[in-house]
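Structural overview
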Amino acid sequence: MELNLLIGGAAGQGMETIMNLLGKSLVREGFGIIYSKDYMSRVRGGHNFSRLRIAPGTPWSNVETVDILVALNEETYFLHRENLAPSARIIYDPQDFNLPEQESRGVPVELKSLAEEAGGKVMANTVAVGALLVLMGLETNTVESLLEDTFAGKEGAVEKNIAALQSGYDAAASYCSACFTLPPRNESGKKLFIDGNQVLGMSALASGCRFLSAYPMTPSTGVMNYLAAKSTDYPLVVEQAEDEVAAINMALGAAYTGVRSLTCTSGGGFSLMVEGLSLAGMTETPLVIIVAMRPGPATGFPTRTEQGDLNFVIHGGHGEFPRAVLSATSQEDAFYRLNKAFALADRYQTPVIFLSDQNFADTHRSVEPFDFSRLNYDLALAGEGEFEKPYKRYRASKNGVSPRILPGEHAGEVVLIDSDEHDEQGNITESAEVRRMMAEKRMRKLQGLAEEMDEPDLYGDPHPEVLLVGWGSNYGVLREAVDALSEAGTKTAMLHYSDIYPLPVQRLQELLGEVKKSYCVENNATGQLAGLIRRETGLQIGGLILKYDGRPFLPREIVEEVENDL
Amino acid sequence: MICKAEDYLTGKTAWCPGCGNFAIRKALAEALAELEIPSHEIIIFSGIGQAAKMPHYIKTNGFNGLHGRALPPAVGSRAANKELKVIVESGDGDSYGEGGNHFIHNIRRNPDIAHFVHNNQVYGLTKGQASPTSDPGMQTGVQVTGVSIPPLNPLSLALTMGSGFIARSFSGEREHLKETMKEAINFPGYALVDILQPCVSFNKVNTFGWYKQRVYYPEIEDHYDWNNAMALTRQWGDRIPLGIFYKSPRMTFESSQLALEGEPLVRRPFDPSRMASLQDEFY
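The rules we used
- Residues numbered from 1 in each chain as written.
- Chains lettered and ligands numbered in written order.
- Predicted model: local features only at pLDDT ≥ 70, side-chain atom pairs only at ≥ 80, totals over all residues.
- Helix = DSSP H or I, 4+ residues; strand = E, 2+ residues; numbered from the N terminus.
- Rg over C-alpha atoms; globule rule 2.2 N^0.38 Å.
- Buried ≥ 20, exposed ≤ 12 C-beta atoms within 10 Å, placed from the backbone.
- Contact = placed C-beta atoms within 7 Å.
- Nonpolar A, V, L, I, M, F, W, Y, C, P; charged D, E, K, R; others polar.
- Pairing = 2+ DSSP bridges.
- Domains from an automatic or database assignment.
- Axes fitted to C-alpha atoms, helices over the stretch in contact; angles between N-to-C directions.
- Parallel < 35°, antiparallel > 145°, perpendicular 65-115°, else oblique.
- Left-handed = near helix turned anticlockwise from the far one by under 90°.
- Core = buried A, V, L, I, M, F, W, Y, C linked by C-beta atoms within 7 Å.
- pLDDT = per-residue confidence, 0-100.

Remarks on the overall build of chain B
Summing up its helical and strand segments, chain B has nine helices and nine strands in all. Relative to the compact-globule value of 19 Å for 283 residues, chain B shows a C-alpha radius of gyration of 20 Å, a close match. Each principal axis of the C-alpha atoms in chain B carries an extent, and together these give about 70 × 40 × 40 Å. Across the 283 residues that make up chain B, the buried fraction comes to 52%.

Describing the interface of chain A and chain B
Across the boundary between the two partners, chain A contributes 53 residues, which contact 46 residues of chain B. Listing elements by their share of the side of chain A that touches chain B, those giving two or more residues are strand S7 (192-195), helix H7 (196-206), strand S8 (209-214), helix H9 (244-257), helix H10 (267-283) and strand S15 (416-418) of chain A. Looking at the side of chain A that touches chain B, the element that brings in the most residues is H9 of chain A, giving ten residues. For the side of chain A that touches chain B, the residue count by class is 31 nonpolar, 14 polar and eight charged. Looking at chain direction, S15 of chain A and strand S2 (residues 61-64) of chain B are connected through three bridges and run parallel. Within the sheet, the bridge partner assigned to aspartate 418 of chain A lies in S2 of chain B and is asparagine 64 of chain B.

A look at the domain arrangement of chain A
With domains assigned, chain A is organised as domain 1 (3-173), domain 2 (193-374), domain 3 (381-452) and domain 4 (457-565). Averaged C-alpha coordinates put domain 1 of chain A and domain 3 of chain A at centres separated by 57 Å.

Focus on the packing of helix H3 (residues 111-118) of chain A against helix H6 (residues 157-173) of chain A
If you want to describe how two helices pack, look at the angle between their axes and the distance between the axes. Residues and elements named next belong to chain A. Where H3 meets H6, the axes come as close as 8 Å, and the angle between the chain directions of the two elements is 140°. Taken together, H3 and H6 sit at an angle that is classed as oblique. In terms of crossing hand, the pair formed by H3 and H6 is right-handed. Along the contact surface, H3 presents Leu114, Ala115, Glu117 and Ala118, while H6 presents Lys160, Ala163, Ala164, Ser167, Gly168 and Ala171. Classifying every residue of the contact of H3 with H6 gives six nonpolar, two polar and two charged.

Concerning the sheet that holds strand S14 (residues 364-367) of chain A
Residue and element names in this part refer to chain A. Read from one edge of the open sheet, eight strands run S6-S5-S4-S1-S3-S2-S14-S7, paired in mixed fashion. Bordering the open sheet on either side are strand S6 (106-108) and S7, each of which pairs with just one other strand. Geometrically, the sheet is characterised by an average inter-axis angle of 20° between neighbouring strands, direction not taken into account. In terms of strand pairing, strand S1 (residues 3-11) meets strand S3 (residues 45-54) through eight bridges, oriented antiparallel. Across the sheet, asparagine 4 pairs through a bridge with arginine 53, a residue of S3.

Focus: unusual backbone geometry
All names here are of chain A. Residue proline 297 is reached from glycine 296 by a cis peptide bond, and omega for that bond is -5°. With respect to the secondary-structure elements, proline 297 resides in the loop between strand S11 (287-293) and helix H11 (310-315). The linkage connecting lysine 389 with the following residue, proline 390, adopts the cis geometry, with an omega of -5°. With respect to the element layout, proline 390 can be found in the loop between S14 and S15. Although it is not a glycine, alanine 178 sits at a positive phi angle of roughly 55°. Its location among the elements puts alanine 178 in the loop between H6 and S7.

A closer look at the sheet that holds S2 of chain B
Read across the sheet, eight strands follow the order S15(A)-S2(B)-S1(B)-S3(B)-S4(B)-S6(B)-S5(B)-S9(B) without closing on themselves; strand pairing throughout is mixed. The open sheet has two edge strands with one neighbour each: S15 of chain A together with strand S9 (243-247) of chain B. The average angle at which neighbouring strand axes cross in this sheet is 15°, direction not considered. Here six bridges tie strand S4 (residues 114-119) of chain B to strand S6 (residues 191-196) of chain B, and the two strands are oriented parallel to one another. Residue pairing for S6 of chain B: alanine 114 of chain B is matched across the bridge by alanine 191 of chain B. The sheet contacts of helix H7 (residues 174-186) of chain B involve strand S3 (85-91), S4, strand S5 (165-170), S6 and S9 of chain B, and relative to S5 of chain B the element is tilted by about 160°.

Focus: the nonpolar core
Ile91, Ala131 and Leu132 of chain A are the most contacted members of the largest nonpolar core, which totals 241 residues. With ten residues, H9 of chain A is the single largest residue contributor to this core.

Details of the packing of helix H1 (residues 20-35) of chain B against H7 of chain B
Residue and element names in this part refer to chain B. Where H1 meets H7, the axes come as close as 8 Å, and the angle between the chain directions of the two elements is 50°. In this view, H1 runs oblique relative to H7, as classed from their interaxial angle. Relative to H7, the crossing made by H1 is right-handed. When H1 is examined against H7, the residues Ala23, Ile24, Lys26, Ala27, Leu28, Glu30, Ala31, Glu34 and Leu35 are found in contact with a partner set consisting of Arg174, Leu177, Lys178, Met181, Lys182 and Ile185. Residues of the contact of H1 with H7, tallied by class, amount to nine nonpolar, no polar and six charged.

Quick word on the confidence of the model for chain B
Chain-level statistics for chain B give a pLDDT mean of 96 and a share of 99% at 70 or above. Here the prediction assigns the complex a pTM of 0.97, and the interface score ipTM is 0.98.

Some thoughts on the pairing of S2 of chain B
Residue and element names in this part refer to chain B. By the alternation rule, side chains of S2 split into Asn61 and Phe63 and Gly62 and Asn64, which are all buried. Pairing between strand S1 (residues 42-46) and S2: four bridges, direction parallel. By the bridge assignment for S2, serine 46 is matched with asparagine 64.

Considering helix H17 (residues 528-537) of chain A
Residue and element names in this part refer to chain A. Residues of H17 that are buried include every one of Gln528, Leu529, Ala530, Leu532 and Ile533, and no others. Packed against the buried residues of H17 are H11, strand S17 (466-471), strand S18 (492-497), helix H16 (506-512), strand S20 (517-522) and strand S21 (543-546). After H17 finishes, the residue glycine 538 shows a positive phi value of roughly 80°.

Regarding the environment of glycine 30 of chain A
Residue and element names in this part refer to chain A. Along the chain, glycine 30 falls in the loop between helix H1 (15-28) and strand S2 (33-38). When the C-alpha positions of glycine 30 and phenylalanine 553 are compared, they lie 27 Å apart, and in sequence the two are 523 residues distant. Apart from the residues within four sequence positions on either side, glycine 30 is in contact with Arg185 and Asn186.

This is the structure:
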């Protein structure tokens, strides 16, 4: 039992307002939801839509079926007509357009006129929410209290919006009241309604991040927006850099001086950052970089999703230096995983990349509240008495990590870092012997990082015949595909990588020989994880299920590919 | 406390005999000694080039970063710990060429940084190509028929961008250089000192003698006089003025950041108990 909503229209028509209001109120009422956006790279016009799915527990992925369609323009109806369930309903404004005569599922609601009657055209979205509520058999009170929160202090705005909400509710009631049954509510207490970028921003702040420098780039900008909004209340500086080159170098300066620092970008911006990434590796400066992937090459699809930069973030940057690459299974996992990125960066004094993508960044889910006590905020500095004087920034050590102190914090001691090859003191050198020693010291840190990597998450049948391998934001859709295949009688499991590099290999090595069929499922055209696995282990994943049209996988697509092959 | 210039000198220099960098290094050490700033309370940021080796030869904290990228980490550092004095030392290629975008935008940003540009009008480390400030006509192994594009005028540019402190000095006038450095270090905001410097190996036009014959000290009565400053920045050729042409503090990067009120960020205790409430807005 589940319900799938789709709201579509032109950019600027306010689909997001409707979804945020509705999504949050559904979560407050105890429903498990997922809500993702499909939008064009334009400010006005075009066709944008959002899907919201309500399902028992918390749904992992959206699906194609549409039970309630809110068509803010005619195009929306025609574009999504094929996916309408037989029992579907279509909310539309009959003053804008009419549905074809043979279409019997329409719920005409004069969104604009009713909004004007309530006090202003701008509230057409609130009217639509009212109509949606009555179709789902919900009362208006939760949305009303949300409107009170949203418009608190704005003269008359609450009353007008509530009037608009009620008018939409009443208008739709005569056509279809409670004609959909909702899945059961979750009993397990309050949940958050939050998207990927917000989770990452919150995790960064709660991890003690005090400096973000970035250049705005979709789909990473949400992280910057979140943190900028917090910078008035928390000890945090957010600086919009003149370019990504400056962004990463600023963050390195702040990190060197002693605060946890972050930069965020997408593939094109990361291209400009790789020089600085190499500097982080050479100077052994902790830094976290969030790379929110979108389809490339070049400008590609600015607002869409892909997993095309895995090879790039693993190999980007001149020379050889240690790094870690992490991603996340879900909004919940990302909160702790980004914190791990900060902890690893400090512990190993090296850059750590968190790979996000548009599908993760812009997707809201209902999630359990986070446990902030699990977060690490230890800069792993050497205290007085824990380093030799005079201080040597690059002192040789068994694990490659040198005691780190901050400039200015120890009288008489100075901290020198250098992008040239350097000696233990940090001074420029051309010595072959020192070079060898330093290269080995740096690369020893990779062994430590490898031991910190979590093995991939195993879900599904404990003795599978079919194994799906994936990473990053595909966790949810893979899970749904595993469930669907298992229900249809194929013993299926998935192996999902969150910590990707250095690649954890043990679980895969144990499992791959046991299965009849294996597939790597990736949002790219070349199977980059499969390639990484082959390079690191010599193991060949049986087949590739790839999608590179800029849209996230739907469970059906994976299930069909597997079933056609079996 | 170290108060002797010699105590700031460290390392074995790798510059050519007769290089203007020696005098700049000495002037910097003297300036720091006279200002009585302890080594550990200073950070020198640099890029790449002969001038950018300074962090290895002056005993302070040092961040010898990438070519053209000395300013951005210096800004990040100001955010992290505003109590440390930040100096950027780099050449003309680094500051005005590779780092041109950072130069422009940090004038706007106005962080409290003293930027000392060793301007020898040539690329030394890569052996003698034209720099953004090379005079037209200068022949090099790359500009084989002579430099054909006009030079960048860093001081005019900085002035038009709203820089609050603009000065020119010369490595051959060490006393003046030292005093100018002291003023720049004490200036609250971005302070640019363009330091003329002969390159004995690669610039056969703008030699020590060439500069020495031309430099002079104009009378500057009013350091707030923007038009007079602009006229001085545009003088080049037979006579080249030295001095602090313009000095007018304005809002700094640090003072515009709410988070930088009070203790430096690096020393603020982390309060995890304030964090759990972050999720309240998402219920």
